[in-house]
Amino acid sequence: MPYTSDKPVRLRDFIRVGNLYFSVVGYRNAESVKALLRYAPDENGDREKDGVKYKKLSYEEAINVGKRWFSESEGIFRVPREEIDEVFKPEEKLEEVMDSEVKKVVEFFEGIPREEMGVTGSRLIGLKKEGESDVDFVVYGKYWFIAREKIRKGIESGKLDEPDEETWERIYKKRNPPLTYEAFLAHERRKFHRAFVGSTYFDLLYVRGYEELERGFPEKIGRKISFRKIRARVVEDRFAFDYPSVYFVEHEEIEAVVSFTHTFAGQVFRGEVLEAAGWVEEIDGAKYLIAGSKREVKDEYIVSLTLMEKEGIRDFLIS
């Protein structure tokens, strides 16, 4: 029976179609759900659910397995609502995934309503691999900013630890950005969306509240114009940690710089000057620079020149 609910499907939910699991990567999902295929059955898979072994798919593997839903023009999957068998919502499943590691994170964020937080990723759908301990922790809407401030104060007070060198290097290798490690670390350390509570590492992930779903970047296919590099001052950063991350800028042509990779979330703040390279796209008559069109990018980037000057970092790109 197709999934039905009064609640819209939103970013960081998961959906199941048969025995395939997709992560939701957009907010406007009234007709079809914008998603990425993440897990599929595989006899050599390293995780198991209901007696079936599963594998976490690479982007290329996902396209091959789920080609019937793949949208070439968007580079993502579009799953018709009527084909969805189950929706997994982080805020609804929190109690079900509450192991000792999740409990430590939840208790740290005491004071934030339980219904405004949850856990996404493999834990949410019951496909956590044995030995995995990282927690992908979601907080919704205005409460996310309260949670981020709690992390900042927690690190300052010693209740939390910021990632150690080994963890930063692991994240850098995983993200594989075009930035030097020094530049990457300078940006990351001021974001306050990663931390350890005891021995448990967690990411703090932003998702809009249900009342905010129509805000932000227009989720439409743009007309690609040209590859450009710009420098501009950021005038609005309220969507800096969203997906996509959006930085409205003071520029004669470009409305905003946009990134679809978590690598550049929270990269620049209001009042700072950024440098960004990417593809200019026109959507509804406005031009946007897409600097991070996918998870790993080599010629697209966003940096805060203000931060680089403050930190004395002159060479921020890998040569």
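What counts and what doesn't
Residues numbered from 1 in each chain as written. Predicted model: local features only at pLDDT ≥ 70, side-chain atom pairs only at ≥ 80, totals over all residues. Heavy atoms only, no water. 1 Å grid on protein atoms, 1.4 Å probe; cavity = no way out; pocket = protein on both sides within 12 Å on 5 of 7 lines; lining within 4 Å. Points joined across faces, edges and corners; volume = space filled by probe spheres on them. Nonpolar A, V, L, I, M, F, W, Y, C, P; charged D, E, K, R; others polar. Patch = residues over 30% accessible without salt bridge, like charges linked within 9 Å, V, L, I, M, F, W, Y side chains within 5 Å. Areas by Shrake-Rupley, 256 points an atom, 1.4 Å probe, with all protein chains shown as cover. Salt bridge = Lys/Arg side-chain N within 4 Å of Asp/Glu carboxyl O. Lys, Arg positive; Asp, Glu negative; His and termini not counted. Charge placed at Lys NZ, Arg CZ, Asp CG, Glu CD. Helix = DSSP H or I, 4+ residues; strand = E, 2+ residues; numbered from the N terminus. Buried < 20%, exposed > 50% of the residue type's maximum accessible area, 1.4 Å probe, protein only. Contact = heavy atoms within 4.5 Å. Phe/Tyr/Trp six-rings, centres within 6.5 Å; stacked < 30°, edge-to-face > 60°. Lys NZ or Arg CZ within 6 Å of the ring centre and 35° of its normal.

> Honestly, empty space enclosed by the protein in this entry has me stumped. Any pointers?
Tallied over the entire structure, the rule returns one cavity of 30 Å³ or more. The calculated volume of the largest cavity comes to roughly 40 Å³. Ile 155, Glu 162, Pro 163, Trp 168, Glu 188, Arg 189, Phe 192, His 193 and Arg 194 together form the lining of the largest cavity. The residue inventory of the lining of the largest cavity, partitioned by class, reads four nonpolar, one polar and four charged.

> Before we go on, may I ask you to explain a negative patch on the surface in this structure?
Residues Asp 161, Asp 164, Glu 165, Glu 166 and Glu 169 make up a contiguous surface patch of negative charge. Here Glu 169 is to be found in helix H4 (residues 165-175). Among the residues examined, Glu 169 registers a relative accessible area of 43% and is labelled partly exposed.

> Which parts of the structure should I look at to understand the environment of Leu 36?
Checked against the element boundaries, Leu 36 lands in strand S3 (residues 32-41). Sequence separation between Leu 36 and Phe 217 is 181 residues; the distance between their C-alpha atoms is 19 Å. Sequence-distant contacts of Leu 36, defined by excluding residues within four places in its chain, comprise Tyr 21, Phe 22, Ser 23, Val 25, Tyr 59, Ile 76 and Phe 77.

> Can you walk me through unusual backbone geometry in this structure?
Both trends apply: most residues other than glycine have a negative phi, and most peptide bonds are in trans. Pro 244 follows Tyr 243 through a cis peptide bond whose omega is -5°. With respect to the helices, strands and loops of the structure, Pro 244 is situated in the loop between strand S13 (223-239) and strand S14 (245-250). Residue Asn 176 is not a glycine yet carries a positive backbone phi of 50°. If you trace the backbone, Asn 176 turns up in the loop between H4 and helix H5 (181-188). For Asp 284, which is not glycine, the phi torsion reads 50° and is therefore positive. Judged by relative accessible area, Asp 284 falls into the exposed class, the value being 60%.

> Please explain the packing of aromatic side chains as it appears in this structure.
Geometry of an aromatic ring pair is reported as the spacing of the ring centres plus the angle between the planes. Summed over all chains, the structure comprises 20 aromatic pairs. Taking the centre distance of 5.6 Å and the plane angle of 85° together, the rings of Phe 22 and Trp 69 count as edge-to-face. Pair noted here: Phe 22 is in strand S2 (residues 20-24) and Trp 69 is in the loop between helix H1 (59-65) and strand S6 (70-71), with a separation of 47 residues, a long-range link. Both residues of the pair, Phe 22 and Trp 69, belong to the buried class. These aromatic residues form a ring-pair network of at least three members: Phe 22, Tyr 59, Trp 69, Phe 70 and Phe 77. It is Arg 10 that lies over the ring of Tyr 210; its NZ or CZ is 3.6 Å from the centre. Here the guanidinium or amino end of Arg 170 rests over the ring plane of Tyr 201, the centre of that ring lying 5.7 Å away.

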